[in-house]
Structure formats: C-alpha cells, structure tokens
Amino acid sequence: MKFKPGEKGFTLIELLVGLGIAAFVVGASSMTVITMMRLSPQNNDWAVALRQVQDSGHWICRDVLMSANLTIDDNPATPEFLTIVKPEWDDVSKTVVPITITYELEDTPDGLQRLTRTNDTGDQIMIAQYISIPTTPDYNSENRTMTFTVEATLGEVTVARQYEAKQRLPAP
C-alpha cells in the first residue's frame, strides 16, 4: 500500500483506543456466554420442577373436582395419601359406577418422592417425580374444598405451589 504525500497512517493512540474497544467487546461477550452456560442448567431444572408441580396439581384438582367421596390418609407409614371415589359412566352397563382413585407417594433413592395415580381397574400413571407434599392436605367439609401444597426439587432448584380444589358433586 502506497501512501500519498502527507499521509502517515494510524497513530499509536488510535491503535491503542481501537485495541481497547475490541478487548472490551470480547470481554463483555465472553462474560455473557459464561453466564448463559452457567444459568442454563438451573433454568432447565426450574422448568422441569415447575412442570412436575403443575402436573401434580392438575391431576389432583381434576379428580377432586369430580369426586363424590374424598379420603385423606395422614398415616406416614402408608404410601397412599389421597383416595378419591368418583362417579364414571360405564358404557357396558349404561349406568354410573363409582371408580376409586388412589394417589401414592413412593420414596426414591434421592430422598424425594414419585407421585402415582392408580384406579381400581389397576391402571397406574406416574404423575410426577422429584416431588414432595410437605404437609397433609387440608379438607374443609363445610364448603367441600381441599387445599394442598406440592413441592418439586431438582438440582438446586425448588418450586412450590399451593392448590385449592373444590368438589363439584356433593358427597352421598
């Protein structure tokens, strides 16, 4: 590259300022990348824990809403913590028959629990894992409302939600 008469190129100060700006941009972007890499597993754990809590709340509230009879088991020696009897239409007999649904908390090796839902025909669904129900659900028979708290812990993240479910059908 040839310079015209009177042109000398960049001064040392201009080069140092340009180098300083480039170093600042690289430093800021690398800190952002490092922060994102560190927070991503925590965000994933939070999303999974929240989903587990929401699934538990959804299934329990759904069954309590349709229940005709509700039994809360506060005996810590048994895995069952909630038994629900709800009416369901039977296509074969063309009548409404009672179906019993049992919610169980199974202990897992990590100290948390797995929530399963079993009906009296033997169908079992795992609703959530990594959860705990820290207190016995509270049932108010006057207004047929059950209040319960579900917690999920995954990694260093704990998510808790309190739910209130009201029976739509009066107890027989």
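Keep in mind that what you see is a predicted model, and the values were worked out from it rather than measured.

## Points about the packing of aromatic side chains
For step 1, the next point in the chain: Taken as a whole and assessed by the stated rule, the structure comprises two aromatic pairs.
For step 2, the next point in the chain: For the pair Phe81 and Tyr103, a centre-to-centre distance of 6.4 Å together with 55 degrees between the ring planes defines the contact as tilted. Taken as a pair, Phe81 in strand β2 (residues 80-90) and Tyr103 in strand β3 (residues 95-107) lie far apart in primary sequence, 22 residues in all. In this pair, the class of Phe81 matches that of Tyr103, namely buried.
For step 3, the next point in the chain: Seen from their ring centres, Phe148 and Tyr163 are 5.5 Å apart, and the 20 degrees between their planes marks the pair as stacked. Here Tyr163 lies in strand β8 (residues 157-166) and Phe148 lies in strand β7 (residues 145-154), a separation of 15 residues in the sequence.
For step 4, the next point in the chain: Classification of Phe148 by relative accessible area gives buried; the value is 2%.
For step 5, the next point in the chain: Note on Tyr163: relative accessible area 18%, which makes it buried.

Criteria and cut-off values
- Residues numbered from 1 in each chain as written.
- Predicted model: local features only at pLDDT ≥ 70, side-chain atom pairs only at ≥ 80, totals over all residues.
- Heavy atoms only, no water.
- Phe/Tyr/Trp six-rings, centres within 6.5 Å; stacked < 30°, edge-to-face > 60°.
- Helix = DSSP H or I, 4+ residues; strand = E, 2+ residues; numbered from the N terminus.
- Buried < 20%, exposed > 50% of the residue type's maximum accessible area, 1.4 Å probe, protein only.

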